[in-house]
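This is what each chain is made of:
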Amino acid sequence: DGGITQSPKYLFRKEGQNVTLSCEQNLNHDAMYWYRQDPGQGLRLIYYSQIVNDFQKGDIAEGYSVSREKKESFPLTVTSAQKNPTAFYLCASSINGEQPQHFGDGTRLSIL
Amino acid sequence: SQQGEEDPQALSIQEGENATMNCSYKTSINNLQWYRQNSGRGLVHLILIRSNEREKHSGRLRVTLDTSKKSSSLLITASRAADTASYFCATARSNTGNQFYFGTGTSLTVIP
């Protein structure tokens, strides 16, 4: 079955540590996105990529980094520069920028 | 904020009743989409309405769009307990390439 997979489901970060969240899709979608969701809030765009080897900052990119070396994969690194990383992180993909997005089931990141 | 705003923030109804939630946005759009999120899960796309459409139906869902008022509504008829979830509108802005902007969501509780 086609879909989008995020791992791990839960992740804990120590102070000063970088952590990487995985996002893989087998839908053959060109566009991929990373969102952050805080409790009771909507989604805020961190980074998005329209094509392999290209990505753009969203509204809250500071303290995060991404790569898009393969069409199927769009990992997100939460760096130590992100001072408030505790949140629910959602990855999504779509055929193009205007079509419906398919979401993974998220990674919940907490601070130890 | 460039995000949309849903109204109400929370809604509680009895099973069998209709649920209406509204979305307002600020800029011109190419389309508007509604998504559903069950607790702790990713978002699931429900319906897309284009800027030149005024109403769209899908099963028990009815969506309207008024571009002059920059608003949309989602009606769920004959609600079921399984409809309990958060509902978000998302706008594909007409001049930002592949960026979506999500609203803050309406939390719907359907009481059996």
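You'll find the structure just up there.
Source: prediction; values computed, not measured. (Residues numbered from 1 in each chain as written. Chains lettered and ligands numbered in written order. Predicted model: local features only at pLDDT ≥ 70, side-chain atom pairs only at ≥ 80, totals over all residues. Heavy atoms only, no water.)

Let's talk about the interface of chain B and chain A
- At the interface, 23 residues of chain B touch 25 residues of chain A.
- Remark: the boundary between chain B and chain A carries one salt bridge.
- Linking B:R41 and A:D105 is a salt bridge whose minimum nitrogen-to-oxygen distance equals 2.9 Å.
- Connecting chain B to chain A are seven residue pairs in polar contact (both at pLDDT 80 or more).
- At the level of elements, β4 (29-37), β5 (43-50), β9 (85-93) and β10 (100-102) of chain B are the ones that each hand at least two residues to the side of chain B that touches chain A.
- Here the side of chain B that touches chain A takes five residues from β4(B), the largest share from any one element. (Contact = heavy atoms within 4.5 Å. Salt bridge = Lys/Arg side-chain N within 4 Å of Asp/Glu carboxyl O. Polar contact = N/O pair within 3.5 Å; in protein donor to acceptor, adjacent residues only side chain to side chain. Helix = DSSP H or I, 4+ residues; strand = E, 2+ residues; numbered from the N terminus.)

Overview of the sheet that holds strand β7 (residues 61-66) of chain B
Residues and elements named next belong to chain B.
- Taken together, five strands build an open sheet; the order of strands is β1-β3-β8-β7-β6 and the sheet is antiparallel. Of all the strands in the sheet, the pair left with one neighbour each is β1 (5-7) and β6 (55-58). Taking each pair of neighbouring strands and ignoring which way they run, the sheet shows an average axis angle of 15 degrees.
- Relative to strand β8 (residues 71-76), β7 runs antiparallel, the two sharing six bridges. Opposite L61, over in β8, you have I76 as the bridge partner. (Pairing = 2+ DSSP bridges. Axes fitted to C-alpha atoms, helices over the stretch in contact; angles between N-to-C directions.)

Quick notes on the state of the cysteines
- For the structure shown, the criterion picks out two disulfides over all chains.
- The partner cysteine of A:C23 in its disulfide is A:C91, sulfur to sulfur 1.9 Å. Between A:C23 and A:C91, the S-S torsion sits near -75 degrees, and that sign places the bridge as left-handed. One end of the pair, A:C23, is in strand β3 (residues 19-25); the other, A:C91, is in strand β9 (residues 87-94), with 68 residues separating them in the sequence. Like A:C23, the residue A:C91 is buried in the burial classification.
- The disulfide that involves B:C23 links it to B:C89, with 2.0 Å between the sulfurs. Negative torsions about the S-S bond denote left-handed disulfides, and the value of about 65 degrees found for B:C23 with B:C89 makes this one right-handed. With a gap of 66 residues between them, B:C23 in strand β3 (residues 19-24) and B:C89 in strand β9 connect regions that are remote in the sequence.
- Given the relative accessible area of 2%, B:C23 is considered buried. (Disulfide = S-S within 2.5 Å. Buried < 20%, exposed > 50% of the residue type's maximum accessible area, 1.4 Å probe, protein only.)

Describing the sheet that holds β3(A)
All names here are of chain A.
- What the four strands build is an open sheet, ordered β1-β3-β8-β7; its pairing is antiparallel. The open sheet has two edge strands with one neighbour each: β1 (4-7) and β7 (64-66). Recorded for the sheet is a direction-independent mean angle of 20 degrees between the axes of neighbouring strands.

Details of a nonpolar patch on the surface
- Together, A:Y10, A:F12 and A:L112 line one region of the surface with nonpolar side chains, adding up to about 380 Å² of accessible area.
- The residue A:L112 is located in the segment after β11 (107-111) in this model. (Patch = residues over 30% accessible without salt bridge, like charges linked within 9 Å, V, L, I, M, F, W, Y side chains within 5 Å. Areas by Shrake-Rupley, 256 points an atom, 1.4 Å probe, with all protein chains shown as cover.)

Regarding the pattern of salt bridges
- Scanning the entire structure with this criterion turns up seven salt bridges over all chains.
- In this structure, A:D38 engages A:R44 in a salt bridge whose closest nitrogen and oxygen atoms are separated by 2.8 Å.
- Taking the relative accessible area as the measure of exposure, A:D38 reaches 15% and is therefore buried.
- Note that B:R36 is salt-bridged to B:D83, the shortest N-O span being 4.0 Å. In this pair, B:R36 is assigned in strand β4 and B:D83 in the loop between β8 and β9, connecting sequence segments 47 residues apart.

Comments concerning the environment of A:K83
All names here are of chain A.
- Relative to the helices and strands, K83 resides in the loop between β8 (76-78) and β9.
- Remark: the alpha-carbon pair of K83 and G97, spanning 14 residues in sequence, is separated by 30 Å.
- Within the structure, K83 has its side chain in polar contact with the backbone oxygen of S80 (distance 3.2 Å).

Nothing here speaks to function; it is all geometry.
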